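Listed here are the chains, written in short residue letters.
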Amino acid sequence: MIKKYIKYIVATTVLATTIQATPAFANPEVPVTNGQINAVNQNIDDLETKFQQLDNEISLSIEKSQILNEKIVTQQGKIKETEIEIIKADEDLANHKEVYSERLKSIQEKGNQSVVTYAEVLLSAGSISEFFNRFTAISKIIENDNILLEGFKEKEVTLKEAKEQLQNHINELEKSKVELAAEQKQIEENKQQIAQELEAAKGELEILRAQQEAQLAAEQALRESALETQQQSQAQAPVTTQATAQASTQAPTPSVVAPITNSATANSVIATAKQYLGVPYVWGGSTPSGFDCSGFTSYVFRSVGISLPRTSSAQQNVGTRISLSQVQPGDLVFRGSPAYHVGIYIGGGQYIHAPQTGDVVKIASFNPSKFSTASRILK
């Protein structure tokens, strides 16, 4: 009887402690339910999904930034080539002007104008035929000079216009880089806000679980006390009856069938992926020093001789699309359409992935309802 009383006191104390530890958001008079915990878990899952989407946006923007940088370098190279052509055109124009100037200067030193000199050349012709030949030659010289000078000038103008266009293009690319950097900054600020909400939700979940565990412990203590009273009242009952009752209350042990895969390639993919457990998540990362989600999957498959595109949305279109209920070890599983996250199914209701910023490559439970598509890469 004393023992029963002590257990009752323990149960009452546990319940009292639970009520005192109840957070401000919970009603201390209402027990914590599985529905409350499931709601908080769902909130955490939604926040993690947003986090992964933002990580994906940053990875894509980093890729865009790299492409912009490559374009800027290319345009700068073209500007240098154009500048060299402009210098060459200026030199050719100056040289021709110098030759043309020397010719005029030579004529003027003789005290004649160019037209008069050309006239003398024509009039000194010995025949009509020679006159027309000289006239044609002089006209050709004058025409060629004019055409050459105009051609050099046009080329120079064209090259300068091309240089201006290239510079304008570079300015536009630089402007795009600035806008992209601003977008990345905004995404990072959004991530920080979500990170705070995520931590608050996880804290709420821990408190609810602790409260529920305390309640369950108190209920268990009360049940044990009641059971002890019942056993004392049935002390005179036949042993065989008690043994039969105990045997009837024992639940059958469920049989567990391990997943089987005959694919050596799947085994090699999974073994390779597990080598990088604990590697930190890094935006745009595609090496063992740091991975993002698609960088991780592409690196793992490349290690076994299979080339995948860089981004999760592009990887979603590779291989054979399969139902999420048909996934096998080695299949890629995606969230979103187009995908913003990807991982590798490893069997047993689990998959391996690089989750999000601040996390590491890890194995997680695979819930098909939280994924959009799956692709079979291995044959």
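Residues numbered from 1 in each chain as written. Predicted model: local features only at pLDDT ≥ 70, side-chain atom pairs only at ≥ 80, totals over all residues. Heavy atoms only, no water.

A. View of the side chain of Thr82. Note on placement: Thr82 falls in helix α2 (residues 34-109). Exposure remark for Thr82: the relative accessible area of 10% places this residue in the buried category. (Helix = DSSP H or I, 4+ residues; strand = E, 2+ residues; numbered from the N terminus. Buried < 20%, exposed > 50% of the residue type's maximum accessible area, 1.4 Å probe, protein only.)

B. Highlighting the side chain of Ser375. Structurally, Ser375 is set in strand β8 (residues 373-376). For Ser375, the side chain forms a polar contact with the main-chain oxygen of Gln316, separated by 3.5 Å. The contact partners of Ser375, leaving out residues within four places of it in the chain, are Gln316, Val318, Thr320, Arg321, Ile322, Asp331, Leu332 and Phe334. (Polar contact = N/O pair within 3.5 Å; in protein donor to acceptor, adjacent residues only side chain to side chain. Contact = heavy atoms within 4.5 Å.)

C. Molecular detail of the packing of aromatic side chains. In total, this model carries eight aromatic pairs according to the counting rule given. Seen from their ring centres, Phe291 and Tyr299 are 5.5 Å apart, and the 55 degrees between their planes marks the pair as tilted. Like Tyr299, Phe291 is buried. When the ring of Tyr345 is compared with that of Phe366, the centres are 5.2 Å apart and the planes differ by 65 degrees; the resulting orientation is edge-to-face. Here Phe366 lies in the loop between β7 (362-365) and β8 and Tyr345 lies in strand β5 (residues 341-347), a separation of 21 residues in the sequence. Among the residues examined, Tyr345 registers a relative accessible area of 9% and is labelled buried. Of the aromatic side chains, those joined through ring pairs into one cluster are Tyr276, Phe291, Phe296 and Tyr299. (Phe/Tyr/Trp six-rings, centres within 6.5 Å; stacked < 30°, edge-to-face > 60°.)

D. Looking closely at the sheet that holds β5. Here six strands make up an open sheet; going across it, the order is β3-β8-β4-β5-β6-β7 and the pairing antiparallel. The sheet is open, and its two borders are formed by β3 (320-322) and β7, each paired with just one other strand. For this sheet, the mean angle separating the axes of adjacent strands, direction not counted, is 35 degrees. Bridge count between strand β4 (residues 332-335) and β5: four bridges; the pairing is antiparallel. (Pairing = 2+ DSSP bridges. Axes fitted to C-alpha atoms, helices over the stretch in contact; angles between N-to-C directions.)

E. Representation of the pattern of salt bridges. Scanning all chains against the criterion turns up three salt bridges. Two residues, Arg310 and Asp292, come together in a salt bridge whose shortest N-O distance is 2.9 Å. Remark: Asp292 occurs in the loop between β2 (290-291) and α7 (293-303) and Arg310 occurs in the loop between α7 and α8 (312-315); sequence separation between them is 18 residues. Take Arg310: its relative accessible area is 27%, and that puts it in the partly exposed class. Take Asp292: its relative accessible area is 1%, and that puts it in the buried class. Across the pair Arg376 and Asp331 runs a salt bridge, and its minimum N-O distance is 2.9 Å. Here Asp331 lies in the loop between β3 and β4 and Arg376 lies in strand β8, a separation of 45 residues in the sequence. For Arg376, a relative accessible area of 23% puts it in the partly exposed group. (Salt bridge = Lys/Arg side-chain N within 4 Å of Asp/Glu carboxyl O.)

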